[in-house]
Amino acid sequence: MAVHPTMLAADPMPGTSEGTSSVTTISPLATLLAAQQTDPTSTPPFQLVDEHGDLTAAGREVGVDLDLAKDLHADMVLARRLDQEGLALQRQGELHLWLMAWGQEAAQVGSVRALQLSDRVFPSYREHAVALCRGISPADIMRQWRGVAHSGWDPAESNVHINSLVLGTQTLHATGYATGVRLDRSDEVVMTYFGDGAASQGDVNEAFNWAAAGGLPVVFFCQNNQWAISTPTATQMRTPLHVRAAGFGLAGYHVDGNDVLAVHAVTQHAVARVRAGEGPALIEAQTYRLAGHSSSDDPKRYRTDDELAGWQAKDPIVRLERLLRSSGVDDTYFDELQAREEAFAAEVREQCKTLHGDDLAVVFDHTYAEPHPVMESERAQHVARRDRTVA
Amino acid sequence: MAVHPTMLAADPMPGTSEGTSSVTTISPLATLLAAQQTDPTSTPPFQLVDEHGDLTAAGREVGVDLDLAKDLHADMVLARRLDQEGLALQRQGELHLWLMAWGQEAAQVGSVRALQLSDRVFPSYREHAVALCRGISPADIMRQWRGVAHSGWDPAESNVHINSLVLGTQTLHATGYATGVRLDRSDEVVMTYFGDGAASQGDVNEAFNWAAAGGLPVVFFCQNNQWAISTPTATQMRTPLHVRAAGFGLAGYHVDGNDVLAVHAVTQHAVARVRAGEGPALIEAQTYRLAGHSSSDDPKRYRTDDELAGWQAKDPIVRLERLLRSSGVDDTYFDELQAREEAFAAEVREQCKTLHGDDLAVVFDHTYAEPHPVMESERAQHVARRDRTVA
Amino acid sequence: MGTRYALGAAINAGLRAAMARDEKVLVMGEDIAALGGVFRVTDGLAAEFGTDRVVDTPLAESGIVGTAIGLALRGYRPVCEIQFDGFVYPAFDQIVSQLAKMRARSQGRLSLPIVIRIPVGGGIGAVEHHSESNEAYFAHTAGLRVVSCSNPDDAFHMIQQAIASDDPVIFYEPKRRYWDKGEVLDEPSRSLHEAAVLREGTDCTLVAHGPTVATALAAADAAREDGFSVGVVDLRTISPLDVPTLRKVAAASHRVVVVHEASTFLGIGAEIAATITEECFYDLEAPVLRVGAYNLPYPPAHMEDDFLPDVDRVLEAVDASLSF
Amino acid sequence: MGTRYALGAAINAGLRAAMARDEKVLVMGEDIAALGGVFRVTDGLAAEFGTDRVVDTPLAESGIVGTAIGLALRGYRPVCEIQFDGFVYPAFDQIVSQLAKMRARSQGRLSLPIVIRIPVGGGIGAVEHHSESNEAYFAHTAGLRVVSCSNPDDAFHMIQQAIASDDPVIFYEPKRRYWDKGEVLDEPSRSLHEAAVLREGTDCTLVAHGPTVATALAAADAAREDGFSVGVVDLRTISPLDVPTLRKVAAASHRVVVVHEASTFLGIGAEIAATITEECFYDLEAPVLRVGAYNLPYPPAHMEDDFLPDVDRVLEAVDASLSF
Ligand SMILES: Cc1ncc(C[n+]2csc(CCOP(=O)(O)OP(=O)(O)O)c2C)c(N)n1
Ligand SMILES: Cc1ncc(C[n+]2csc(CCOP(=O)(O)OP(=O)(O)O)c2C)c(N)n1
Ligand SMILES: [Mg+2]
Ligand SMILES: [Mg+2]
């Protein structure tokens, strides 16, 4: 058998110094045996709109659908406002915890808007913007963070599964759901969200592999927001995640996650491909968590003001606003949106306060589908204790 | 930002039909958005000696070290004999179970012989040939399969960790051990063996990622023997495993696992690279489990005679024998080896029968390092019961 | 009217019946299709129902349970096979955090009718990790049901009842009893949630499940020869326990000995002892005693006979109970 | 002579002392270096000992435990932090099949001196998976030691004793007590393997560990006001249990109530009840009663006060015990 031509190239390992080391030059074998699979070139993130709100070459080629852009912009503005209100409500003691999606609006809005409503979504826990786009009410989004329930909404209505807080577990659920979609001979697509940190979990990699091996209709959407709490992405992985896709046989995409039009376009493309039966895809969106990990976090402990400022300059909403204005969208639009935003904010505050928790008794009813003696007797104990206390 | 050139190539997804589908041609975006990371080209397995025992082009370029070849050949012959004796001993009821390495001798011998003795090995459970090469006695290798102990040897002596039967777990142990090697500023290399089936486990992928992220001195050696019990590799993964390496940022190698010289050369190369601090590597060796999964297995249920015959023709020992003979190695060598093999076989049979198990009492002593009241009281109970029965 | 089956074959027949009845039922696991499973429990199912419904999965237990959850969310009723007891732990997170809790976490909206079949226990001379008894982990986990069959009739009916349940069920199969034959009746004699009093006793009652039921019956026989009336209860359901039945036999025999293969420390025997003592304090003439494996990792096969509870150890405990 | 510390700070000081004493000790986990851990238990260690010994790992619990095993095989003494109780399950296989069994599997050749620190339990208003009490899983696993600290003095000394142990130790930290202050003595008062009788009682003894020790003490105070002498034992070691101490208090007070945050079904209370009943059958005037959380998945924060055992529920059980 002949030596394959690619074997003759001595590509340096990613992350190590360029050039041939002493090891790779000592024998005639070295040339033949240079690592045969070295890093597939990482591609820069796809952009349609640059950080200044100007169209890139690709953007100019493709053009902008202004109605779509306005819709996505409005989605992002409301999502950001939800975050601001959420954080304020947490500070006021109305929410126990709030996980900010601040800065990641484009990644979320752009991707979920590229799906059909019949496509099931498996979120992680930071996908408020996704939830809003799927018509989930602020109350339902805040329910879990107010501590009154473990989940907020009915997946049967929004086609969005409940949040998964154990990192990465949802990627396997999505993969299994996609198996069901295929068994049903349906052309639905399943989308699952996860973070750069979660990508280190065994479950996530099992899901990549399982979906690829089975050619299943699932899109893995990673919001690489550069941090997993205090841990930078560099600690999690050597190569960018979109590069890992090809290793498993997933179609891999890399997109500027702060460019909502690019995210939308890339996702639409990937989803169409998946829908057509060409196997699963992974999209890595480069974005940034502009706030802390959660309302409890203190990001000053681990990241610099410079880094933050650098990413603030890439704000997805500011960027799109510039594009809209330079494309001739006038103040009427922005004024109307501003009014809508204020009304929405008032609604958020109001809905939050209407969220009252159930009594523990309901958990006894919800744990099992069928009668269960322990549930019955302990429920009775609880009710008796509660009534005694109340009396 | 400009569109990166590689984004313009519309590479088809691995495993799907060639060419552009309707999806990828409907819009101008399609060209821009073709999956940016598609399968990095899989390379054919590296060979020095072909199936007929002839040198390949690469083999001719590199030349053959005949002394090395004879040593490796002898190792393989003894390993195969151990398998034959092991299976026979199982049939006679002397072993509870035997897992055959039959057909995988080149992959094991070639790789372990490329290490230094100071390099720690973390095997799976089928690495008898590895163990033999590290000077582990047949008795120690058979101990576990005779059911008298859970492991056979002292890793402090052979620098081979005990077998890991829970698939893939050892890859994380190897990765952690490699972390220790680095903390010690040592230039040791850690080698871990696993199968094509185990590659689907979360742990194995966590290990790939962890080792790559940390740039740790570990070599992941996959014996792709085409089957995980009855499950073919195609069920486990979409892309060949050596392709997955680059996705994580490991140096990836693909080698004909039935060509012991190629395995040796590739491993030596990879190990030198790892030893020099250039980060971890993954080697995929294409080989074949010529026997069943274990002495309990019935491979006729899932694989064809044709497939078996095809791989029998690629037998690693036959191939190397041909090369040795055509390189002028004469009958003296083979006759001497035959005698050595017979003596070894007798030794195997004899050693097996000397393996007597300990009494359960020792497990109480071995479970904890420090005094433990439950161990003491239950040990006493056990001893009293045993002595009562014996009396 | 019944047919004789080996226990493993009875499960096979039960799976076949469940799959024929409901096309949403599918079976998935490692080596279950072409090979029919390492114990051949799924033998022939792939040929009969096709590989869409009898699925050889990649080798990843977390993946098996995690994707089964997704399938269940899509309306399927997956039956997962874990190849051996000792290989369920990689799926532990998916089982205890996802499978067990999904219904409660979703305010009762999302049911997961999933069965996880686990060949369990020792006594077959296997290598490490192939002989474990881990029911206590799952029994301690709220949201799961845990059941254990001990004979072909139960095996046939309980697997179908488990599949029909809208709750997740961990279904234990006593691997060393796979080849034991027994009569299988057309109709189930009892629900999935009831213990079976196999023998009434007035001096003492043995409580067992799965593989140790036969041990308990043999011990009861031996005790009878010595003039003692020893009852035997087959738990069948480990979580929840059938407390009324346990209460009844404890009250009737005043002495109870629990027999299981798991280690005693925090084994199901501990819960049974604590519960019976709470419920029947004045009825008991002796503490509830426990006969389990020693509190060791499962030892090499060579030692397993000394490790596992056997008739002698059961009788020793009965003696101890009687002499309190 | 002691210094006052909060419980979390006491663990921090204990880790620091252990790291200073033995350079093979290293600390690893998610967000423990730069951030100092989400509870700041490892605060300042990275600055003091460097990031070779205070390691922010990739986000993978199986990886954390699996690589710690490799490090231990290399001669290190890793202390792993699991960020919250509910995130230990992905590491379950590495813990129960590898960490717990390695010594037995290797005929005693390979010891794994690894400590797994787990902030445990509820009461801090957290979201799901952040409030679990899962000690029973590990206590049922032969090969592990499981300990639980309830006050700063123990926290400081027990973490050092755990690190010094050549056995793997699951080390529980009661997260809602992290900020509770108390005196820390220079020398440990007892070994890692002893329970502490915090209060002697003649009418009843409460047995608790970790977060419920304070609850038990408050209940004992309340009972005293009603004229009852109620003792309190802090288990400290959950596996193995300090049975001699349990036997002694049961014999002295004739009544025992176990209090823990885990669900009662197969919680450590079951084992304590079974053991004490076996050991002290004739001393007991009432069955050992258990006060735990209800047998539910941990509920939303809004409901946790009704879910967790509190002083009232403990007193209810004491009453029930006294009126037997
Ligand atoms: C299995 C598991 N381990 C640890 C945690 C604790 N935890 C919650 S969020 C988080 C960081 C997640 O980072 P990433 O996946 O990048 O998502 P992001 O928060 O950035 O959106 C960690 C460690 C968890 N939720 N689940
Ligand atoms: C976690 C786990 N799951 C299942 C098994 C049962 N099992 C033993 S070997 C095997 C197949 C392994 O295939 P592969 O990794 O390719 O190694 P090979 O046997 O071919 O050498 C299986 C499923 C196991 N040992 N561990
Ligand atoms: Mg992140
Ligand atoms: Mg294989």
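Just so we're clear, the structure is a prediction, and the values are computed from it rather than from any experiment.

A. Just the coordination of the magnesium ion (ligand 3), in detail. Residue and element names in this part refer to chain A. For the magnesium ion (ligand 3), the protein coordination sphere consists of Asp196 (OD), Asn225 (OD1) and Trp227 (O), at 2.1 to 2.2 Å. Written as a sequence motif, the donor residues of the magnesium ion (ligand 3) are D-x28-N-x1-W. With Asp196 in the loop between strand 2 (190-195) and helix 9 (202-214) and Asn225 in the loop between strand 3 (218-224) and strand 4 (227-228), the pair connects residues that are 29 residues apart, well separated along the chain.

B. Representation of the domain arrangement of chain C. All names here are of chain C. Taken as a whole, chain C is organised into domain 1 (3-184) and domain 2 (196-322). Spacing between the C-alpha centres of domain 1 and domain 2 amounts to 26 Å. With 24 residues of domain 1 at the interface, the matching set in domain 2 holds 22 residues. A buried area of about 1,800 Å², summed over both sides, lies between domain 1 and domain 2, and 50% of it is on carbon and sulfur atoms. Looking only at domain 1, the three residues that lose the most surface to domain 2 are Glu135, Ser148 and Arg176, adding up to 25% of its buried area. Viewed at the interface, domain 2 and domain 1 are joined by 2 salt bridges. Of the charged contacts in the structure, one is a salt bridge between Asp154 and Arg236, with a shortest N-O distance of 2.9 Å. The interface formed by domain 1 and domain 2 contains 14 residue pairs in polar contact (both at pLDDT 80 or more).

C. The pairing of strand 2 (residues 190-195) of chain B, seen in detail. Residue and element names in this part refer to chain B. Among the 6 residues in strand 2, 5 count as buried, and that is most of the element. Pairing between strand 1 (residues 120-122) and strand 2: 3 bridges, direction parallel. Across the sheet, residue Val121 finds its bridge partner in strand 2, namely Met191. Where strand 2 and strand 3 (residues 218-224) come together, 6 bridges link them in parallel fashion.

D. Inspection of the site of ligand 1 at higher detail. Around ligand 1 sit 20 residues, and of these A:Tyr125, A:Arg126, A:Leu165, A:Asn225 and D:Glu61 come closest. Near ligand 1, the surrounding residues belong to chains A and D. A distance of 2.9 Å separates an oxygen atom of ligand 1 from a polar backbone atom of A:Trp227. Within the side chain of D:Glu61, a nitrogen or oxygen atom sits 2.5 Å from a nitrogen atom of ligand 1.

E. Fine view of the interface of chain D and chain B. Contact with chain D, which involves 43 residues of that partner, is made by 41 residues of chain B. Overall, the association of chain D and chain B removes approximately 3,300 Å² of surface from exposure, summing both partners, and the carbon and sulfur fraction of that is 56%. If you sort the residues of chain D by the area they bury against chain B, D:Arg74, D:Arg105 and D:Gln107 come out on top, with a joint share of 20%. The interface formed by chain D and chain B includes 5 salt bridges. Run the count over chain D and chain B and you get 25 residue pairs in polar contact (both at pLDDT 80 or more). At the level of secondary structure, the elements contributing two or more residues to the side of chain D that touches chain B comprise strand 2 (25-29), helix 3 (61-73), helix 4 (92-99) and helix 5 (102-105) of chain D. Ranked by the residues each element gives to the side of chain D that touches chain B, the list is headed by helix 3 of chain D, at 9 residues.

F. Local environment of the packing of aromatic side chains. All told, the structure shown has 51 aromatic pairs over all chains when counted by the stated rule. Both rings, one in D:Tyr5 and one in D:Phe156, keep their centres 6.4 Å apart while their planes meet at 10 degrees; by these two values the pair is stacked. Remark: D:Phe156 occurs in helix 7 (residues 152-164) and D:Tyr5 occurs in strand 1 (residues 3-6); sequence separation between them is 151 residues. Here D:Tyr5 falls in the partly exposed class, since its relative accessible area comes to 26%. Members of the aromatic cluster, each reached through a chain of ring pairs, are A:Phe194, A:Phe208, A:Phe220, A:Phe248, B:Phe194, B:Phe208, B:Phe220 and B:Phe248. Of note, A:Lys314 hangs over the ring of A:Trp311, and the distance from its end group to the ring centre comes to 4.3 Å. Its end group placed over the ring of D:Tyr76, D:Lys24 keeps NZ or CZ at 4.4 Å from the ring centre.

G. Molecular detail of the sheet that holds strand 5 (residues 115-120) of chain D. Residues and elements named next belong to chain D. Taken in spatial order, the 7 strands line up as 3-2-4-5-7-6-12 in an open sheet, and their pairing is mixed. Lying at the two open borders of the sheet, with one neighbouring strand each, are strand 3 (54-56) and strand 12 (237-239). Going across the sheet, the axis of each strand differs from the next one's by a mean of 20 degrees, ignoring polarity. Strands strand 2, strand 3, strand 4 (77-81), strand 5 and strand 7 (169-174) of the sheet are contacted by helix 1 (residues 7-21), whose axis makes an angle of about 135 degrees with strand 2.

H. Geometry of the site of ligand 2. In the neighbourhood of ligand 2, 20 residues make up the surrounding shell, with B:Tyr125, B:Arg126, B:Leu165, B:Asn225 and C:Glu61 lying closest. Of the chains in the model, those with residues near ligand 2 are chains B and C. With respect to ligand 2, the side chain of B:His293 contributes an N or O atom lying 3.5 Å from an oxygen atom. For ligand 2, the accessible surface in isolation is 580 Å², of which the surrounding protein chains cover 96%.

I. Geometry of the coordination of the magnesium ion (ligand 4). Residues and elements named next belong to chain B. Those protein atoms acting as donors to the magnesium ion (ligand 4) are Asp196 (OD), Asn225 (OD1) and Trp227 (O), and they sit at 2.1 to 2.2 Å. Positions of the donor residues of the magnesium ion (ligand 4) along the chain correspond to the pattern D-x28-N-x1-W. Across the pair, exposure class does not vary: Asn225 and Trp227 are buried alike.

J. Summary view of the nonpolar core. Ranked by size, the top nonpolar core spans 325 residues in total, and within it A:Phe46, C:Ile95, C:Ile116, C:Phe138, D:Ile95, D:Ile116 and D:Phe138 carry the most contacts. The dominant element in this core, judged by the number of residues it contributes, is helix 3 (residues 66-91) of chain A, at 10 residues. In this view, D:Ile95 contacts D:Val65, D:Val88, D:Ala100, D:Ile116, D:Phe138, D:Leu144 and D:Ile170; residues no more than four positions away in its chain are not counted.

K. Representation of the domain arrangement of chain A within the structure. Domain boundaries assigned for chain A yield domain 1 (57-353) and domain 2 (361-390). Between domain 1 of chain A and domain 2 of chain A, the C-alpha centre-to-centre distance is 38 Å.

L. Here's a closer look at helix 12 (residues 260-275) of chain B. Over its 16 residues, helix 12 of chain B runs 22 Å from end to end, which matches the ideal 22 Å to within 8%, given 1.5 Å per residue. The buried fraction of helix 12 of chain B amounts to 14 of the 16 residues, a majority that puts the element mostly inside the structure.

Each value, and the rule that gives it
All chains use their own residue numbering, which begins from 1 and follows the written sequence. Labels are handed out in written order, letters beginning with A for the chains and numbers beginning with 1 for the ligands. Where totals are concerned, whole chains, interfaces and linings use all residues; where local detail is concerned, this predicted model gives features only for residues with pLDDT of at least 70, and gives and counts side-chain atom pairs only at 80 or more. Excluded from the side-chain calculations are hydrogens and water; all other atoms, namely the structure's heavy atoms, are used. Only N, O and S atoms count as donors, using a 2.8 Å limit from the metal and a wider 3.2 Å limit for Na, K and Ca, and since water is excluded some coordination spheres may look unfilled. Helix and strand definitions follow DSSP, with helices as H or I runs of at least four residues and strands as E runs of at least two, each counted in order from the N terminus. Either an automatic procedure or a domain database provided the assignment from which the domain bounds are taken. In this description, contact between two residues means that some pair of their heavy atoms is separated by no more than 4.5 Å. Summed over both partners, buried area is the accessible surface (1.4 Å probe) that two parts give up on being assembled. Each reported salt bridge corresponds to a side-chain nitrogen of Lys or Arg within 4 Å of a carboxyl oxygen of Asp or Glu. Under this definition, polar contacts are N or O atom pairs within 3.5 Å; protein pairs additionally need one hydrogen-donor-capable and one acceptor-capable atom, and for neighbouring residues in sequence, both atoms have to be side-chain atoms. Relative accessibility under 20% of the residue-type maximum defines a buried residue, over 50% an exposed one, and the middle range a partly exposed one, all with a 1.4 Å probe and only protein chains included. Only when DSSP finds a minimum of two bridges between them are two strands counted as paired. Being near a molecule or strand, for a residue, means having at least one of its heavy atoms within 4 Å of it. Planes of paired rings set the category: under 30 degrees apart is stacked, over 60 is edge-to-face and the rest tilted, where pairs are Phe, Tyr or Trp rings (Trp by its six-membered ring) whose centres lie within 6.5 Å. Two conditions define a charge located above a ring, namely a distance within 6 Å from the ring centre to NZ of Lys or CZ of Arg, and an angle within 35 degrees of the ring normal. Angular values range over 0 to 180 degrees, each being the angle between N-to-C directions of two axes fitted as lines to C-alpha atoms, with helices fitted over their stretch in contact. The protein chains shown are the only cover counted for residues, whose accessible areas, like all others here, come from Shrake-Rupley with a 1.4 Å probe. Remark: nonpolar core denotes a set of buried residues (Ala, Val, Leu, Ile, Met, Phe, Trp, Tyr, Cys) joined through side-chain atoms within 4.5 Å. Multiplying 1.5 Å by the residue count of a helix minus one yields the expected span of that helix.

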